[in-house]
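What follows is the residue order along each chain.
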Amino acid sequence: MIRLVQLTHPRHGRRVAVADDRQLRFIQPYGSIYVLAKAAISTNKSLADTVNRSLSNETLDYDPIHRGESEWKFLPAFDHPEEPTRCLVTGTGLTHKASAENRQAMHAGENGEKKAAAMTDSMRMYQWGLEGGRPAPSQIGVSPEWFYKGCGTVLRAHNEPLEVPSFGNDGGDEAEVAGAYIIDPSGKPRRVGLVLSNEFSDHVLEQKNYLYLAHSKLRTCALGPELVIDADFKNNRGRVSVERDGKVIWSDQFFTGETNMSHTLENLEHHHFKYAAHCRPGDAHIHFLGADVFSFGAGIALQTGDVMQIELSGFGKPLRNPIHIHRTAPTHVKVEQL
């Protein structure tokens, strides 16, 4: 597997590099993975071949950058470098049993009260995935839940804060994998790679009423630090934790990959890209594939300064992001007639 990172420097600008556990080796002459992917498409070469043909002899030590001790900083592991608004950030939920059970408990009772209840729509949709989300290759299975998070301006990198806006009720970790895609000149979606991510949502708002789910997803989210080409996404084990004042206050393992999901990756991708609006040539996409565990489900309320860490086998170094909660009073937005 090839692991790619995107970096920026106050004097040297953007660069792309191949990562191993100790070093980052620059890829010339590319300043973004998006442009690298476009070059692979235009020359009818695989992304791996294009990377291997473009490796330079320039290297950097990985660990100081990962610790935030260098002028080099990570960018989100994939983006649209020229027009962030042409990067669509979306996702599918209820693809893992634990997330469905959390949602079932969240919406089974009124005012967030957890009690035994008939099957909710959330659990019913998860069950549909179990029954029809794993069709034979090239066949169409049942549609998953789908949500919109925003455009590329909501993406954050390793070590950057994830924000709860002043009108938000909460911010909570969602450790998962996201797919990174580019639409080629013919309108065909092309998967660039998979990336460890923190989808980050407002679970308190969602708990009030299931119909607030769409609002709860309109938050910043984090990618990286590494985009993995040809990732093994079958049965992956990870760990997510929350640190407060330098001490771990909550931690749990999570499982992802197709073995642990109610849908195949192929089925999730089909139902996202079946829409013509999602296949505009030149657009970039980040599509979250579903989470397994949440600190919110364990009763953790995150505070400003807490640090969320996510690590996953086969996906490189951990992703770390502090949380920042805006405490100012919400500002009324008034629209004026032209």
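Residues numbered from 1 in each chain as written. Predicted model: local features only at pLDDT ≥ 70, side-chain atom pairs only at ≥ 80, totals over all residues. Heavy atoms only, no water.

Peer 1: Mind laying out the sheet that holds strand β9 (residues 162-164), listing which residues take part and the relevant values?
Peer 2: Taken together, the five strands give an open sheet; going across it, the order is β9-β17-β16-β13-β14, and neighbouring strands pair in mixed fashion. In this open sheet, the two edge strands, each paired with only one partner strand, are β9 and β14 (247-256). Between one strand axis and the next, the sheet turns by 20° as a mean value, whatever way the strands run. As judged from the six bridges shared by strand β13 (residues 236-244) and strand β16 (residues 307-312), these two strands associate in the antiparallel manner. Along β16, the bridge assignment pairs Gly238 with Leu312. (Pairing = 2+ DSSP bridges. Helix = DSSP H or I, 4+ residues; strand = E, 2+ residues; numbered from the N terminus. Axes fitted to C-alpha atoms, helices over the stretch in contact; angles between N-to-C directions.)

Peer 1: Outline the pattern of salt bridges, listing residues and values.
Peer 2: Tallied over the full model, the rule gives 20 salt bridges. The partner of Arg191 in a salt bridge is Glu269, and the shortest N-O contact between them spans 2.8 Å. A residue pair is termed long-range when its members are at least 10 positions apart, and Arg191 in strand β11 (residues 189-198) and Glu269 in helix α8 (residues 265-273) qualify at 78 residues. The class of Arg191 is partly exposed, set by a relative accessible area of 47%. The shortest N-O distance in the salt bridge between Arg244 and Asp306 comes to 2.7 Å. In this pair, Arg244 sits in strand β13 while Asp306 sits in the loop between β15 (284-291) and β16, placing the two residues 62 residues apart along the sequence. (Salt bridge = Lys/Arg side-chain N within 4 Å of Asp/Glu carboxyl O. Buried < 20%, exposed > 50% of the residue type's maximum accessible area, 1.4 Å probe, protein only.)

Peer 1: Can you break down the domain arrangement of the protein residue by residue, with the values?
Peer 2: Looking at the protein, the domain boundaries give domain 1 (2-74) and domain 2 (84-325). The C-alpha centroid of domain 2 is placed 26 Å from the C-alpha centroid of domain 1. Tallying the contact residues gives 20 residues for domain 1 and 18 residues for domain 2. Summed over both partners, the interface of domain 1 with domain 2 comes to about 1,600 Å²; 65% of that surface belongs to carbon and sulfur atoms. Together, Ile41, His66 and Phe74 form the three largest contributors to the area buried by domain 1 at its contact with domain 2, with a combined 36%. Connecting domain 1 to domain 2 are two salt bridges. (Domains from an automatic or database assignment. Contact = heavy atoms within 4.5 Å. Buried area = accessible area lost by both parts, 1.4 Å probe.)

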